[in-house]
Amino acid sequence: MRLVTAIAAALLVLASARAADPQHDARVASRLAIEQVRHRHRLWPESNPKAKAPLPVESLLPKIAAAIDDDDRKVAALVRVFGIALTAADLQAELDRMARDTRDPERLQEMWTALANDPARIADALARPLLADRRLRERFAADPASAGAARGTIFEAWWSGARGRFPASPTVPVSSLSLPPIAAKSCVPDTWATMTASAPEARAGHTAIWTGTEMIVWGGVEGSHLDTGARYDPAIDTWAPISTVSAPTGRFEHTAVWTGTEMIVYGGQDAAGSVEDGARYNPTLDTWTPVAPFPGAVGQRTGHSAVWTGTEMIVWGGIDEALFAPVTYGNGGRYNPATNAWTVIPPAGAPPARFGHTAVWTGTEMIVWGGVNETNFNFIWTNSGSRYNPVTGGWTRILAANPPSARAGHRAVWTGSKMIVWGGANNGVSVATGGRYDPATNSWAATATSGAPTARINHTAVWTGTRLVIWGGDTPSGAAADGARYDPVADSWGGIATAGAPAARGAHAAVWTGSRMIVFGGRVDGGATFSSGGRYDPVANAWTPTKGSDVERPLAREHHVAVWTGSEMIVWGGERGVDAMTAGAKYEPASDVWIPIATANEPIARTDATAVWTGTEMIVWGGESPSEVPAQLQTGARYDPAADTWTPTSIASAPTGRALHRSVWTGHEMIAWGGVDTSGGYTSSGGRYDPSADTWAATSQTGAPDPRDLQAQSWNGREMIVWGGIGFLCCHVPSSGARYDPASDTWTAMTFTKAPEDRSKAAVAWSGNHLVVWGGINADGGELATGGRYSPFEDAWTVTADPPITARNDFASTWMCGAMWIWGGQDAAGPAAFPKDGALYDPGADVWTASTAEGAPFGRRLHTAAGNGTRAIVWGGRGSFDDSATGALYCGCAVAPPPTAVVGLGAGKTPGGARFRWATSPSANGYDVTRGDLAALLASGGDFALATTGCVGNDLADGQVEDDAVPSPGGGFWYLVRAVNGSGAGTYDGDDGEQAAPRDPGIAASPAGCP
């Protein structure tokens, strides 16, 4: 009722500045209702002593109205610039996707309920804004010229100047929509779930096959070797992820064929090198079945060929790219999925060994042509070929005159009567020629060169039934976004439209559907990989982008910051390669979508910054920018996800610019300390930033730890604890640290006794009574699998138990399920350089529990993990190849355990009474402090209902409270401090039964107790 009243009052304020518009007001109210749900679940830090701030409705309404105006202009721009209208079918498909792919069904249902489960309101408040922004960004990225912008112009820069050209015509609600049932998915402990299923993650070197209704994409590389895939249905322009259970190891440059019921994947390169295994994927059942091993040794290989005969898959040739002794193969086998068995192809008459060749199936024979042989690192390119007949088991050498020049990496198609080959390279020199081979006459005819595409490799080729279509690839001048259509009857080339085509790329995949060519993925040589694509209609000579482009999720990066708000994960900054980044995004698990965040007033691009969540804002500060002098930054900004706005932080009295520092949030201040400052040296200085006043105050350096960076740093409810790191110009700080009390601006030294081995990049967490550190790297640069627990109340260290995971650094960690969770990282000496396993450490029990790697994203380092109590989101980082734009959700437990007992409780006198302080627990929702009369408790035999006299603090977030009550002369008070969501009955004086009533029910029964 309070929300309805607030909305009504604020709408009156908004309406006073314009003519009344009931439809517009209803749209604003819908958006505000969604924001209220998000706000309700946003985390309020336990350390914040104030009540949770309400959603600022009055200041938010103008921003919502402006956002609706912007969305309507984007809808108009789509129509006017690109001729695309958002239809009812588009909106219905988006509603269906949300219901199907949600990663938080309870939260999605809460959003829908807030909009009265009205599909028209839900589509207008959730689906339409996402679709309008996504599709306009897609079309602009593919065809900026149509929008009057130069290629390379970023969308935000164009839209800020262009938006005024388009009318903000009110969008008419669609009444023909239906609300789909929300998928019943719960948090199943120790399981992974993919993120943003609207498109598979970016990749190159993958395969794609056409089933007759769907394109199935699988494997490839993007940051690491991928064992993931997805199915794309062009009829409804949607993606669906495919299972990873029993899938082959992640790989690229493998082969894939479609049997009519299954996709068979074979060979390629995984993290360990070339492989000789495979598996069959059934899209109807969404299951994988391993391919039986070849009898003897077909050989682990990549660069081989595979064709489907109608009953068998024939694999031939390839290379085992062993580090010291590469082996090129001139053998192969026939695999029958019905019997799950192989038949060896006899070597007699087979063509010379080769890889990078092509093979086509004519209906009766496999034709192998071209390729390269490597022997002792000597390469021999060939323009020879042979025909293999599986019925007779014999080979026939192609001896026709005038074949195309020798090459590898070319493409070949079968027209029904001829094989056409085109493109490729010889000794690193790309070619723009090809040929037509007729097995009936055993003759070659060159393809025309006039109008042909420029020379290239890593392109795609499909046969339409009448034309060969070449698109993309790597040319001598870079990746291409063009191609051409070849008519073998007329021996002529025709152009392919470039307007609306996907961005330039090579190593992508393409399939022919019967009426369209669908392109997906790929990469710019030496640069970014893509999760975008397009559908090409050769009759209309026009492109349509596939849903789920790269703009739906943030660009790949590492060294970024990420915070969990309780409703969404916010990602910002970092670097890709050597370039620092800005633009970030919010990921909302409920609707499984990425939403770009505002760029106005955001900080300049940076890496190695810090970020904290205050309960209403993310504060980003410091870091390093390669484009600035000095590189270490003194600037920062606060991001409000509800208003989607940035506010710069003051630099007055701010600490010196720095990077590789650490920051904590105390409940009302951010404390930044340590790092490498503008002088290029380690520092022991820091500062306290108060966002409510936008002011800085320096931290004392008296008694501060030695200068350092990459230290472990945490807030325990009363103090900031600093331990370890790198300092002294070269080396790790030898197990030293100190505790900082911001109330008194003083430091207290920590004991060295039994402290863990000195290290940097350690995981750090506050358990409620211990500081826990684990892993990282030692002074010699070696990864560690050891750790320790530090009690600030006893100033003592204890060793952590041995973990079930290997040593590592550059991993991600977060507090979840009452434990510290470790995932990913780098282990240079381990069996996997980038392990994709993890573990939960319970410091109270000193017990580790392994977390599954089944279904986990590929291993990586320098990623982030943001936890919400029961699950965590892993995102970004770098694998064995490149920075990543991928992630996944891990469910650690169905319900977070209750908080541990209150520890570290201390009391002291104040001028008017007493002060109590205690250590906060990461899993507590807040604290109640109850006061009672000690004489009444003793006189009643321990009846707490009679002895309770008042509530000193209710739902306190901070670990302290003051009481100005004074007992009568000769009397005394008893106090109880407990977590709001704590469990257990508890007693006053033990379990001997002498007291009249148990503690908790007695206090609850008293009218003087905390509510």
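See the structure printed just above.
Residues numbered from 1 in each chain as written. Predicted model: local features only at pLDDT ≥ 70, side-chain atom pairs only at ≥ 80, totals over all residues. Heavy atoms only, no water.

Asks: Could you clarify how one ought to interpret helix α7 (residues 155-162) in this entry?
Replies: One full turn of an α-helix is made of 3.6 residues, so residues set three or four places apart face in the same direction. Taken as a whole, α7 has its buried residues at Phe 155, Trp 158, Trp 159 and Ala 162. In an axial view of α7, the angular spread of the buried residues amounts to 95°, which keeps them on one side of the axis. Facing away from the buried side of α7, by more than 90 degrees, are the exposed residues Ser 160 and Gly 161. (Buried < 20%, exposed > 50% of the residue type's maximum accessible area, 1.4 Å probe, protein only. Helix = DSSP H or I, 4+ residues; strand = E, 2+ residues; numbered from the N terminus. Arc of directions from axis to C-beta.)

Asks: Is there a simple way to think about the pairing of strand β7 (residues 263-266) in this case?
Replies: Put simply, side chains in a regular strand alternate between the two faces of the sheet. With burial as the criterion, each face of β7 is covered, one bearing Met 263 and Val 265 and the other bearing Ile 264 and Tyr 266. Direction of pairing for strand β6 (residues 255-258) relative to β7: antiparallel, over a ladder of 4 bridges. Across the sheet, residue Val 257 finds its bridge partner in β7, namely Ile 264. Taking the residues between adjacent antiparallel strands as the criterion, β6 and β7 are bridged by 4 residues, where Gly 260 takes a positive phi near 115°. Where β7 and strand β10 (residues 278-282) come together, 4 bridges link them in antiparallel fashion. In the strand pairing of β10, Tyr 266 is matched with Gly 278. (Pairing = 2+ DSSP bridges.)

Asks: Please explain the sheet that holds strand β30 (residues 460-463) as it appears in this structure.
Replies: Working definition: the strands of a sheet are paired by backbone hydrogen bonds and lie parallel or antiparallel to each other. With antiparallel pairing, 4 strands are arranged side by side in an open sheet as β30-β31-β34-β35. The open sheet terminates on both sides in strands that have one partner only, identified here as β30 and β35 (492-495). If you compare each strand with its neighbour and ignore which way they point, the axes differ by 25° on average. As paired strands, β30 and strand β31 (residues 468-471) are joined by 4 bridges and run antiparallel to one another. For Val 462, the partnering residue across the bridge sits in β31 and is Val 469. (Axes fitted to C-alpha atoms, helices over the stretch in contact; angles between N-to-C directions.)

Asks: Hey, could you run me through the packing of aromatic side chains in this one?
Replies: Given two aromatic rings, one states the distance between the centres and the angle between the planes to describe the pair. Considering all chains together, one arrives at 45 aromatic pairs under this definition. Measuring from centroid to centroid gives 4.9 Å for Tyr 486 and Trp 493, while their planes differ by 45°, and the two rings are tilted. When sorted by exposure, Tyr 486 lands in the same class as Trp 493, which is buried. Members of the aromatic cluster, connected to one another through ring pairs, are Phe 140, Phe 155, Trp 158, Trp 159 and Phe 166. We note Arg 860 situated over the ring of Phe 858; from NZ or CZ to the ring centre the distance is 4.1 Å. A cation sits over an aromatic face here: Arg 931 above Phe 973, 5.5 Å from the ring centre. (Phe/Tyr/Trp six-rings, centres within 6.5 Å; stacked < 30°, edge-to-face > 60°. Lys NZ or Arg CZ within 6 Å of the ring centre and 35° of its normal.)

Asks: Even after reading the chapter, I still don't get the pattern of salt bridges, so can you show me in this structure?
Replies: For side chains bearing opposite charge, pairing can occur when the charged atoms are close. Per the counting criterion, the structure on display carries 45 salt bridges. Put simply, Arg 27 and Asp 72 hold a salt bridge, and the shortest N to O gap is 3.0 Å. Here Asp 72 lies in helix α3 (residues 57-82) and Arg 27 lies in helix α2 (residues 22-41), a separation of 45 residues in the sequence. For Arg 27, a relative accessible area of 7% translates into the label buried. Asp 72 gets classed as buried once you look at its relative accessible area, which sits at 5%. Of the charged contacts in the structure, one is a salt bridge between Arg 280 and Glu 262, with a shortest N-O distance of 2.8 Å. With a gap of 18 residues between them, Arg 280 in strand β10 and Glu 262 in the loop between β6 and β7 connect regions that are remote in the sequence. Arg 280 sits in the buried class, given a relative accessible area of 11%. On the basis of relative accessible area, Glu 262 is assigned to the buried category, the value being 12%. (Salt bridge = Lys/Arg side-chain N within 4 Å of Asp/Glu carboxyl O.)

Asks: Got a minute to help me understand the sheet that holds strand β5 (residues 238-241) in this structure?
Replies: The strand order across the open sheet formed by 4 strands is β2-β3-β4-β5, and the pairing between neighbours is antiparallel. Two strands lie at the open edges of the sheet, namely β2 (207-210) and β5, each paired on one side alone. Strand-to-strand, the axes of this sheet are offset by a mean angle of 20°, without reference to chain direction. Examined bridge by bridge, strand β4 (residues 229-233) and β5 share 4 bridges and lie antiparallel to one another. When the bridges of β5 are listed, Ala 230 appears paired with Pro 241.

Asks: Just checking my understanding: could you explain the pairing of strand β19 (residues 366-369) for this structure?
Replies: Of the two faces of β19, both are covered, the one formed by Met 366 and Val 368 as well as the one formed by Ile 367 and Trp 369. Two strands pair when backbone bridges link them, and strand β18 (residues 358-361) and β19 are joined in this way by 4 bridges, in the antiparallel orientation. Paired with Val 360 across the two strands is Ile 367, which belongs to β19. Between β18 and the antiparallel strand that follows it, β19, lie 4 residues; Gly 363 among them carries a positive phi value of about 115°. Bridging between β19 and strand β22 (residues 385-389) involves 4 bridges; their strand directions are antiparallel. Each residue of the ladder has a partner; that of Met 366, found in β22, is Tyr 388.

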